[in-house]
Amino acid sequence: MHPDDEHGHLRLDGAANVRDLGGLPLPGGGTLPAGRLLRADALNTLTDSDVDRLAGLRTVVDFRTDHETAANGPDRLPPGAAHVALPVGGGDLERFYQVIAAGDPGEQEKVFGGGRTERILVKVNRDFVAVDAERAAFAAALRAIGDAEALPLLFHCTAGKDRTGWMAAIVLTILGVSGDVIMADYLRSNDYHREGFGKLLDYLGRTGQMKDPELLRPLLEQRPAYLEAAFDEATARYGSFDGFLSAGLGADDALLDRVRTGLTG
């Protein structure tokens, strides 16, 4: 699982956004050890060589919904890795797909234009905190990360940016990683998806499915306001991020100590 660049990225054939969180700077000096916690996009199209590169994983937490898994296929996992399904909605993407497929420029402008897509993504991130079932899935993932027997662990959704980005932010905040570093890690998904998403926008324009494919860009890109919305919701509902951890995620001091020890000890 040795990364291919200084940001922990693993260049795989069947997944664009697989990263080892090792190497990020910790408070007081030092860095997060490599090979313990990974974040990713979907693993359903991994090649055999990709699977070999992920050998050693003990646990894969999958935030995709049943609909996403049925449409795109189950994860391909290395031998010995346990699959843990913890579905989080992540917004009504099916509605977006329907509007694109219908090919009506007026309806697409009505749904995606005028900043509406950005507002939808802000709400999606707030719902990670506000919706009981979604918050419970992140809480369960945190408990898995706090289990030393479950490490090395990889967590992912479909693109590895929204649901996965919030889970990474939760864990990195627990470890004391600075907000600037957390945001930089969050936005790095744009780097690894730029080529693929660019090809998608070009295809939608060339085939006439969208008159203005750029309307989709706020859905495909990570923007600081999205992650900030989740943090703001956590503070608004629970008074502080620590309050969110304890009252929102049910994370007591013992669990937080296990997370810190397992990932940095």
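Structure first, text after, so check above.
Given the structure is predicted, the values throughout are model-derived calculations rather than measurements.

A. The arrangement of the overall build of the protein chain in detail. A tally of regular secondary structure across the protein chain gives 13 helices and six strands. Computed over the C-alpha atoms, the radius of gyration of the protein chain is 18 Å, within 12% of the 18 Å expected from 2.2 N^0.38 for a compact globule of 265 residues. In terms of overall dimensions, the protein chain has C-alpha extents of about 55 × 45 × 35 Å along its principal axes. For the protein chain, long-range pairs separated by at least 24 residues make up 70% of all intrachain contacts whose partners lie at least 6 apart in sequence. When the accessible surface of the protein chain is totalled, it reaches about 11600 Å², and 52% of it is carbon and sulfur. Treating the 28 positive side-chain charges of the protein chain as one cloud and the 40 negative ones as another, the clouds have centres 2 Å apart.

B. Representation of the packing of aromatic side chains in the model. Across all of its chains, the model carries eight aromatic pairs by this definition. When the centroid spacing of 5.9 Å and the interplanar angle of 40° are considered together, the rings of W166 and F244 count as tilted. Taken as a pair, W166 in helix α7 (residues 163–174) and F244 in helix α12 (residues 241–248) lie far apart in primary sequence, 78 residues in all. Accessibility classification places W166 together with F244 in one group, the buried group. Each ring, one from Y238 and one from F244, has its centre 5.9 Å from the other, and the planes form 55°; the classification is tilted. Its relative accessible area of 22% is what places Y238 among the partly exposed residues. Here F244 falls in the buried class, since its relative accessible area comes to 0%.

C. Region of the structure containing the side chain of N44. Examined against the element boundaries, N44 turns out to sit in the loop between β3 (37–40) and α1 (48–53). At 2.9 Å, the side chain of N44 forms a polar contact with the backbone oxygen of N72. Once residues within four sequence positions are removed from consideration, N44 is found in contact with R64, N72, G73, P74, D75 and R76.

D. Spotlight on the packing of helix α6 (residues 132–145) against α7. The geometry of α6 relative to α7 is characterised by a closest axis approach of 11 Å and an angle of 50° between their N-to-C directions. On the basis of their axis angle, the class for α6 and α7 is oblique. When the axes of α6 and α7 are compared, the crossing they make is right-handed. Side by side, α6 and α7 meet where F138, A141, L142 and I145 of the first sit next to R163, W166, M167, I170, V171 and I174 of the second.

Conventions adopted
- Here the residue numbers are simple positions, counted from 1 along each chain's written sequence.
- Local features are withheld for residues below a pLDDT of 70 in this predicted model, meaning they are given only at 70 or higher, and side-chain atom pairs are given and counted only at 80 or more; totals for whole chains, interfaces and linings count all residues.
- As a rule here, side-chain values cover all heavy atoms of the structure and leave hydrogens and water aside.
- Secondary structure elements are taken from DSSP: a helix is a run of H or I of four residues or more, a strand is a run of E of two residues or more, and numbering for both begins at the N terminus.
- In this setup the radius of gyration rests on C-alpha atoms only. A globule is expected at 2.2 Å times the number of residues raised to 0.38.
- We call two residues in contact whenever any of their non-hydrogen atoms come within 4.5 Å of each other.
- All accessible-area figures derive from a Shrake-Rupley calculation using a 1.4 Å probe, and residue coverage is judged against the displayed protein chains alone.
- Only four residue types enter the tally: Lys and Arg on the positive side, Asp and Glu on the negative side; His and the chain ends are excluded.
- By convention, charge coordinates are those of NZ in Lys, CZ in Arg, CG in Asp, or CD in Glu.
- Only the six-membered ring of Trp is used, alongside the rings of Phe and Tyr, when aromatic pairs are assigned; centres must lie within 6.5 Å, and planes under 30 degrees apart are stacked while those over 60 apart are edge-to-face, with the rest tilted.
- Under the scheme applied here, a residue whose accessible area is under 20% of the maximum for its type counts as buried, over 50% as exposed, and between as partly exposed, the area being computed with a 1.4 Å probe on protein chains only.
- The definition of a polar contact used here is a pair of N or O atoms within 3.5 Å, where within protein one atom must be able to donate a hydrogen and the other to accept one, and adjacent residues in sequence count solely through side-chain atom pairs.
- Comment: axis = line fitted to C-alpha atoms, over the contacting stretch for helices; angle = value between 0 and 180 degrees taken between N-to-C directions.
- What sets the label is the angle itself: under 35 degrees gives roughly parallel, over 145 gives roughly antiparallel, 65 to 115 gives roughly perpendicular, and the rest give oblique.
- Handedness of each helix crossing follows the sense of rotation of the near helix against the far helix: counterclockwise by less than a right angle gives left-handed, clockwise gives right-handed.

Remember that the coordinates give geometry; whether it matters functionally is a separate question.
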